[in-house]
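Breakdown of the fold
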Amino acid sequence: MAPAHASNIAMTIVIALLAAPVLAEDIGARLAEAEDLRQKAAEAGYEWLETAALLEQAREEAEKGSLDNAIALIEKARLQAEAALTQAEREAEAWRSRVVR
Amino acid sequence: MAAFLAALSLPCTAFAGPEEDRLAFVSFFQSRFPDILFDEFANGIYAIDADSRAQWLEIEEFPPYEFAIEHGQSLWQKPFSNGSAYADCFKQPLAEVRAAYPAFDAGRAEVVTLEVAINDCRVANDETPFAYDASELIDLTAYLGYTARGKKIDVQIPADEPGALAAYEYGKRFYYSKRGQLNFACADCHVTSVGMRVRADRLSASLGHPTHFPVYRSKLGGMISLQQRFFGCVRDVRARPFELQSTEYRNLEFFLAYMSNGLTINGPGARK
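The rules behind the values
- Residues numbered from 1 in each chain as written.
- Chains lettered and ligands numbered in written order.
- Predicted model: local features only at pLDDT ≥ 70, side-chain atom pairs only at ≥ 80, totals over all residues.
- Heavy atoms only, no water.
- Disulfide = S-S within 2.5 Å.
- Helix = DSSP H or I, 4+ residues; strand = E, 2+ residues; numbered from the N terminus.
- Buried < 20%, exposed > 50% of the residue type's maximum accessible area, 1.4 Å probe, protein only.
- Contact = heavy atoms within 4.5 Å.
- Buried area = accessible area lost by both parts, 1.4 Å probe.
- Salt bridge = Lys/Arg side-chain N within 4 Å of Asp/Glu carboxyl O.
- Polar contact = N/O pair within 3.5 Å; in protein donor to acceptor, adjacent residues only side chain to side chain.
- Nonpolar A, V, L, I, M, F, W, Y, C, P; charged D, E, K, R; others polar.
- Axes fitted to C-alpha atoms, helices over the stretch in contact; angles between N-to-C directions.
- Parallel < 35°, antiparallel > 145°, perpendicular 65-115°, else oblique.

**Here we look at the state of the cysteines**
Residue and element names in this part refer to chain B. All told, the structure shown has 1 disulfide over all chains when counted by the stated rule. Two residues, Cys89 and Cys121, share a disulfide whose sulfurs are 2.1 Å apart. Judged by the sign of its S-S torsion, about 75°, the bond between Cys89 and Cys121 is right-handed. Note that Cys89 is positioned in helix α6 (residues 86–89) and Cys121 in helix α7 (residues 114–124), a separation of 32 residues in sequence. Accessibility expressed as a relative area gives 3% for Cys121, which makes it buried. The structure places no disulfide on Cys186, whose sulfur is separated from the nearest cysteine sulfur, that of Cys233, by 7.5 Å. Here Cys186 falls in the partly exposed class, since its relative accessible area comes to 25%. Judged by its relative accessible area of 33%, Cys233 is partly exposed.

**Focus on the interface of chain A and chain B**
Contact with chain A, which involves 18 residues of that partner, is made by 22 residues of chain B. In total, chain A and chain B occlude about 1900 Å² of area from one another, counting both sides; carbon and sulfur atoms represent 58% of this. For chain A, the biggest contributors to the area lost against chain B are Leu49, Trp95 and Val100 of chain A; these three give 35% of the whole. The interface formed by chain A and chain B holds 2 salt bridges in total. Ionic pairing is found between Arg240 of chain B and Glu47 of chain A, a salt bridge with its closest N-O pair at 3.0 Å. Counting every contact that joins chain A to chain B gives 9 residue pairs in polar contact (both at pLDDT 80 or more). Among the elements that make up the side of chain A that touches chain B, the one with the highest residue count is helix α3 (residues 67–94) of chain A (5 residues). Here the residues of the side of chain A that touches chain B are counted per class, giving 8 nonpolar, 3 polar and 7 charged.

**A short note on the packing of helix α11 (residues 226–236) of chain B against helix α12 (residues 247–259) of chain B**
All names here are of chain B. Following both chains from N to C, one finds α11 and α12 inclined at 110°, their axes separated by 11 Å at the closest point. What the angle tells us is that α11 and α12 run roughly perpendicular. Between α11 and α12, the residues in contact are Leu226, Gln227, Phe230, Phe231 and Val234 and Tyr249, Arg250, Leu252, Glu253 and Leu256, respectively. When its residues are assigned to classes, the contact of α11 with α12 shows 7 nonpolar, 1 polar and 2 charged.

In structure tokens form, the structure reads like this:
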């Protein structure tokens, strides 16, 4: 029993070692994607209040090695940036309906 | 009936210019508050909220912005190091400086506000420009607002100046666009929900907002500019605020000041 248990642990370590660099790269790509969407929302004049701070926190968590936290924060920021861009697209025409006539 | 209304509204939607917009804006608030005289809208929320009005009138007996006016006056009168003074940049009589802004500057092809014009004057005289939240700058505008009391807001959109109309349209669009995580337009609060209660506040009409700035806010214990209010309201809907005196806020100010044309300048003001 004991050897199997030990090899399980060894296996876990091997997987973690293999996975870690992949994840770090993955985080880099996810960050870049979310940052790009945030910038698009800002260029449209529709960036939300928290998005930049969420990405900043995500970077800090990633540096500390808290990859799960980092991914959750990036995901939140990405959803915000996407929603802001949808808002910008909708408002390109929708504002007209509110003009006092 | 529906067809009749549609026919009526068609030409408006297609060709509404600034003056049609303004008349519609004014009549919206006048029909929402039939007992309030046009000029009263210059008093913001105190035009429509009788409860807080009494408190405000008491505050106005010992105006908390008095120091800002005095400080602004001494800054205005102090010559620059080169011997010139603000009065050399602003050629109009003192009481007419405030009402000359915001204005569309054709040469620069952009809206110039009073704050920008003051900084331009400083730069032209080799002085460093103020930060747009600097108390010196706000106090200068308090003094200019005070000397302009009784004058009318009179924003011009010259017909031969397409840039001025474009800046106005930009500001109008900004005003009516929903933004931020809370998905609110300025108009959602200051037109549609005017008079309604939001937490401790009642919502004032946008008609008259530009007349009384800068404003002493007791909550903050200091003076703030109109654009600092824009900044705060944009942040409150959880959108990322724009820089003070950004193109966005200057065009917004241009639109809103035009909507308040004909109202009497009564700055500086006092607010909660």
